[in-house]
Amino acid sequence: MFLSAEDFATVVRSTPLLSIDLIVENQAGEFLLGQRTQRPAQNFWFVPGGRVRKDETLERAFARLTEAELGTPLTLQDGEFYGVWQHFYDDNFSGPEFSTHYIVLGFRLRVDADALQLPDAQHSDYQWLTPADWLARGDVHDNSRAYFLAGKTEKVIGL
């Protein structure tokens, strides 16, 4: 189901959104970040991921998002559940008029980086960085940095 921009703005203004973040690790122990082209978190380096749609199972959302964000559909079983997180943004997809709130299901994936076909729909560039490099950079968004902070302070629930 696709909403008009006006209807989607009403949803974002009124309720949290559910999303999946993909914490993607390559064979060298580095993790994938993309430079976001859209709001929220525009111009920051961020992990791939996206929203779960209404009436979409988590299995279907995971396959759709891995195909859209990594160029290949993967199954939920290919990932390792990493926890439930909260992301708060001062802006939204259409501008700064209202905030965005996400409830995020994080999944770690170990992949063959050469097998990925990284698209440019949401990110203008990609980098593979170690967790130490993520934490040292000021242009990595705090919501992505949190995946590697000691104690994972933004984590709500996790295994």
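Worth saying up front: this structure is predicted, and the values here are computed from it rather than measured.

On a plain count of helices and strands, the protein chain comes out with four helices and eight strands. Ordered by position from N to C terminus, the α and β elements of the protein chain give α-β-β-β-β-α-β-β-β-α-α-β. Against the globule reference of 15 Å for 159 residues, the protein chain gives a C-alpha radius of gyration of 15 Å, in line with a compact fold. Each principal axis of the C-alpha distribution contributes one length, and for the protein chain these read about 45 × 30 × 30 Å.

Time to look at helix 2 (residues 58-70). A rise of 1.5 Å per residue sets the reference length of helix 2, with its 13 residues, at 18 Å; its end C-alpha atoms lie 17 Å apart and thus fit the reference within 8%. Looking at the buried positions of helix 2, the neighbouring elements they touch are strand 1 (17-25), strand 2 (31-36), strand 4 (49-51), strand 6 (100-110) and strand 7 (123-129). At the C-terminal side of helix 2, Gly 71 shows a positive phi close to 85 degrees.

In terms of burial, strand 6 is a largely internal element, eight of the 11 residues being buried. Strand direction decides the pairing type here: strand 1 and strand 6, joined by nine bridges, are parallel. Bridge assignment links Leu 17 to a residue of strand 6, and that residue is Tyr 102. Where strand 5 (residues 80-89) and strand 6 come together, nine bridges link them in antiparallel fashion. Opposite Tyr 89, over in strand 6, you have Thr 100 as the bridge partner.

Time to look at the pattern of salt bridges. If charged atoms from side chains of opposite charge come close, those side chains can pair. Inspection of the entire model under this criterion finds seven salt bridges. The closest approach of N and O atoms between Glu 25 and Arg 108, which form a salt bridge, is 3.2 Å. Here Arg 108 lies in strand 6 and Glu 25 lies in strand 1, a separation of 83 residues in the sequence. Classification of Glu 25 as buried rests on a relative accessible area of 14%. For Arg 108, a relative accessible area of 17% gives the class buried.

Let's shift gears to the nonpolar core. Ile 23, Leu 33, Val 47, Trp 85, Trp 134, Tyr 147 and Phe 148 are the most contacted members of the largest nonpolar core, which has 23 residues in total. For this core, the secondary-structure elements that each account for two or more residues are helix 1 (5-14), strand 1, strand 2, strand 3 (45-46), strand 5 and strand 6. Membership of the second largest hydrophobic core comes to 18 residues, among which are Ile 20, Leu 65, Leu 105 and Leu 116.

Turning our attention to the confidence of the model for the protein chain. Considering every residue of the protein chain, the mean pLDDT works out to 86; 93% of them sit at 70 or more. A low-confidence stretch, residues 153-159 (pLDDT under 50), is modelled with 15 contacts involving residues beyond four sequence positions or located in other chains.

The calculated volume of the largest pocket comes to roughly 1100 Å³. If you go around the largest pocket, you meet 39 residues; those closest to its centre are Phe 8, Gly 50, Arg 51, Val 52 and Tyr 102. Classifying every residue of the lining of the largest pocket by side-chain character gives 23 nonpolar, eight polar and eight charged.

Relative to the helices and strands, Ser 144 resides in helix 4 (residues 142-145). Other than its neighbours up to four places away in sequence, Ser 144 contacts Leu 33, Trp 45, Phe 46, Val 47 and Trp 134.

By the definition in use, this model includes nine aromatic pairs. The interplanar angle of 75 degrees and the centroid separation of 5.4 Å between the aromatic rings of Phe 62 and Phe 107 together place this pair among those described as edge-to-face. Remark: Phe 107 occurs in strand 6 and Phe 62 occurs in helix 2; sequence separation between them is 45 residues. Here Phe 62 matches Phe 107 in class, with each residue buried. A ring pair is formed by Phe 81 and Phe 107, whose centres lie 5.5 Å apart and whose planes are at 65 degrees; its orientation type is edge-to-face. With Phe 81 in strand 5 and Phe 107 in strand 6, this residue pair connects regions lying 26 residues apart in the sequence.

Reading guide: rules and limits
- Residues numbered from 1 in each chain as written.
- Predicted model: local features only at pLDDT ≥ 70, side-chain atom pairs only at ≥ 80, totals over all residues.
- Heavy atoms only, no water.
- Helix = DSSP H or I, 4+ residues; strand = E, 2+ residues; numbered from the N terminus.
- Rg over C-alpha atoms; globule rule 2.2 N^0.38 Å.
- Expected span 1.5 Å × (residues − 1).
- Contact = heavy atoms within 4.5 Å.
- Buried < 20%, exposed > 50% of the residue type's maximum accessible area, 1.4 Å probe, protein only.
- Pairing = 2+ DSSP bridges.
- Salt bridge = Lys/Arg side-chain N within 4 Å of Asp/Glu carboxyl O.
- Core = buried A, V, L, I, M, F, W, Y, C linked by side-chain atoms within 4.5 Å.
- pLDDT = per-residue confidence, 0-100.
- 1 Å grid on protein atoms, 1.4 Å probe; cavity = no way out; pocket = protein on both sides within 12 Å on 5 of 7 lines; lining within 4 Å.
- Points joined across faces, edges and corners; volume = space filled by probe spheres on them.
- Nonpolar A, V, L, I, M, F, W, Y, C, P; charged D, E, K, R; others polar.
- Phe/Tyr/Trp six-rings, centres within 6.5 Å; stacked < 30°, edge-to-face > 60°.

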